[in-house]
Amino acid sequence: MKVGDLVKFVAAPPRWKGDNISKGIIVAELPADHIIAAAVSVLWASGELVERVPPRILEVINESR
């Protein structure tokens, strides 16, 4: 996962047909330190910017080139 990748986050079981899927783009990679795990900042399609999203909960839809 790197800056520019398009990602999605599924918040609930898939039976809810799209209401539970958020899509966004990675705008920054945040390194780990001795206390905090590595994370990314995501600009969501809703316009919300979220800092420190753990990459393990995201799925890459389209990799940047």
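To start, this report covers the structure provided alongside it. (Residues numbered from 1 in each chain as written. Predicted model: local features only at pLDDT ≥ 70, side-chain atom pairs only at ≥ 80, totals over all residues. Heavy atoms only, no water.)

Considerations on a nonpolar patch on the surface
A surface patch of nonpolar side chains, about 450 Å² in accessible area, is lined by Leu 6, Ile 25, Val 27, Leu 43, Leu 49 and Ile 61. Checked against the element boundaries, Leu 43 lands in strand β3 (residues 39-44). (Patch = residues over 30% accessible without salt bridge, like charges linked within 9 Å, V, L, I, M, F, W, Y side chains within 5 Å. Areas by Shrake-Rupley, 256 points an atom, 1.4 Å probe, with all protein chains shown as cover. Salt bridge = Lys/Arg side-chain N within 4 Å of Asp/Glu carboxyl O. Helix = DSSP H or I, 4+ residues; strand = E, 2+ residues; numbered from the N terminus.)

Comments concerning unusual backbone geometry
Even without glycine at this site, Arg 52 takes up a positive phi of about 60°. Relative to the helices and strands, Arg 52 is located in strand β4 (residues 49-53). Judged by relative accessible area, Arg 52 falls into the partly exposed class, the value being 36%. (Buried < 20%, exposed > 50% of the residue type's maximum accessible area, 1.4 Å probe, protein only.)

Regarding the sheet that holds β4
The antiparallel open sheet is built from 5 strands, whose spatial order is β4-β3-β2-β1-β5. Across the chains shown, the open sheet's two edge strands, defined by having one partner strand only, are β4 and β5 (59-62). Direction aside, neighbouring strands of the sheet carry axes that sit 40° apart on average. Judged from the 3 bridges that link them, β3 and β4 form a sheet pairing that is antiparallel. (Pairing = 2+ DSSP bridges. Axes fitted to C-alpha atoms, helices over the stretch in contact; angles between N-to-C directions.)

Focus on the side chain of Ser 41
Mapped onto the elements, Ser 41 comes out in strand β3. Excluding anything up to four places from it in sequence, Ser 41 contacts Ile 25, Ile 26, Val 27, Ala 28, Leu 30, Val 50, Glu 51 and Arg 52. (Contact = heavy atoms within 4.5 Å.)

Comments concerning the environment of Val 50
With respect to the helices and strands, the residue Val 50 is situated in strand β4. Residue classification places Val 50 among the partly exposed positions, given a relative accessible area of 25%. Spatially, the C-alpha atom of Val 50 lies 8.6 Å from that of Val 40, the residues being 10 residues apart in sequence. Once residues lying within four places of it in the same chain are set aside, the contact partners of Val 50 are Val 40, Ser 41, Val 42 and Trp 44.

Here's the deal with the pattern of salt bridges
Under the definition given, this model contains 1 salt bridge. Notably, a salt bridge pairs Asp 5 with Lys 2, separated by 3.9 Å at the nearest N-O pair. Its relative accessible area of 2% is what places Asp 5 among the buried residues. Since its relative accessible area comes to 34%, Lys 2 is described here as partly exposed.

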